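Examining the three-dimensional arrangement
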Amino acid sequence: MESKLASTAVEYPARVPPRSIMRIHALTTGTVRLKHAFLYAKSGLRRQFDLFLPGPWSDPVPIHCWAIEHAGRLILADTGETAAVHDLPFARFDVTPEQELPGALAAAGLALADVETAVLTHMHGDHMDGGIHLRGTVLVHDRELMFSRTRGARIAQRLFRQPVPVGVDFRPVALDDGPFGAFAQSRPLSDDGRILAVASPGHTPGHISILCIDDEGRHVLLAGDATDTLEQLHARRPDAVAPKPAVSVATMEAILAHGREHPTVYLPSHDPESVARLDAGATL
Ligand SMILES: [Zn+2]
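Structural notes, computed from the coordinates. Along each chain, residue indices are assigned from 1 in the same order as the chain's sequence is written. Reporting of local features is limited, given that this is a predicted model, to residues whose pLDDT is at least 70; pairs of side-chain atoms are given and counted only at 80 or more, and all residues count toward the totals for whole chains, interfaces and linings. Hydrogens and water are ignored here; the side-chain numbers use all heavy atoms of the structure.

**Considering the sheet that holds strand β4 (residues 91–94)**
Going by this rule: Any two strands are treated as partners once DSSP identifies two or more bridges connecting them. Per the convention used, a helix needs a DSSP run of H or I reaching at least four residues, while a strand needs a run of E reaching at least two, with both numbered from the N terminus. Comment: axis = line fitted to C-alpha atoms, over the contacting stretch for helices; angle = value between 0 and 180 degrees taken between N-to-C directions.
Taking strand neighbours across the sheet as the criterion, the seven strands line up as β4-β1-β2-β3-β5-β6-β7 in an open arrangement whose pairing is mixed. Here the strands that pair on one side only, and so sit at the sheet edges, are β4 and β7 (169–173). Each strand axis lies, on average, 30° off the axis of its neighbour in the sheet, ignoring direction. Bridging between strand β2 (residues 61–70) and strand β3 (residues 73–77) involves five bridges; their strand directions are antiparallel. What sits directly across from W66, in β3, is A77.

**Details of the state of the cysteines**
Formally: Note on terminology: disulfide denotes any pair of cysteine sulfur atoms within 2.5 Å.
Following the criterion strictly, the structure yields zero disulfides and no others. With no disulfide of its own, C212 has C65 as its nearest cysteine by sulfur position, at a separation of 13 Å.

**Some thoughts on the packing of aromatic side chains**
Basically, it comes down to this: We call Phe, Tyr and Trp rings a pair once their centres come within 6.5 Å, taking the six-membered ring for Trp, and we label the pair stacked below 30 degrees between planes, edge-to-face above 60, and tilted otherwise. Each residue gets one of three labels from its accessible area relative to the maximum for its type: buried under 20%, exposed over 50%, partly exposed in between, using a 1.4 Å probe on protein chains only.
A full pass over the atoms with the stated rule returns two aromatic pairs. Seen from their ring centres, F38 and F90 are 5.4 Å apart, and the 5° between their planes marks the pair as stacked. Highlighted residues: F38 in helix α2 (residues 36–39) and F90 in the loop between β3 and β4, separated in sequence by 52 residues. F90 carries the same exposure label as F38, and that label is buried. Between F52 and F160, the ring centres sit 6.3 Å apart and the planes meet at 20°, which makes this aromatic pair stacked.

**Considering the pairing of strand β10 (residues 208–213)**
Counting buried positions over the six residues of β10 gives six, a clear majority of the element. Neither face of β10 is exposed, since I208, I210 and C212 on one face and S209, L211 and I213 on the opposite face are all buried. The sheet contact formed by strand β9 (residues 195–199) and β10 spans five bridges and is antiparallel. Within β10, the position partnered with A199 by the bridge is I208. As paired elements, β10 and strand β11 (residues 219–224) share four bridges and run antiparallel to each other. Looking at β11, one finds that C212 is bridged to V220. Following β10, the chain reverses through five residues before pairing antiparallel with β11; G217 in that reversal takes a positive phi of roughly 85°.

Encoded structure:
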């Protein structure tokens, strides 16, 4: 009896404690309907011209942002949209005040006050407007922040009534840590390197994705608007707003190449299938 107890006492502390667990939560800050001319953009001049013509619309698709619980920290990837959003010629938004970031976090059992860091994939309203709820800094790729302040970007912000929200403390970060997998530039966002920003330009010039290495070693790519769907990724089809479509396509090739090297869960912000893929751990 005594020896049995002793052996139990030896074995129990020898169990390896679970390593730092990561939980990724999909938050949904309302929905948006997108014109087919945006989702299935043609090439050439009609790629952007058709955005302004009457045409069919998609069903409502989610406006996701993501909360990552890891190593005692709560990190946001994007901040979602707010009810104050204005429609675009190619996007009709449906966001209630209750669906904004605080409510979306609460729906996931999380609290706004626990957010330690927020990082944006890019500076479009449906990714950054929720930043108005945050007291702390919001990290933005320096290239994206610079682009948002160019004359052309400012004109577009005024024309489409999509202002950069005031009172948000946007802080530039450089992607100065070299390549990561198939991505040309990266920067770690956690001490253990399991959360990183990786360059995924195209949709906007400084667009980044947030790559999380989950507890099973999969790479979970919070891909912003690199594409709107998995289908668009496989089709290598640039959207209608990317300034340089070839840059978008190069990013899609990089994501697909990365997926061939590492099991990668691909989660664009507006893909109705993203949550199912996250839950299933379904890889490219
Ligand atoms: Zn966007």
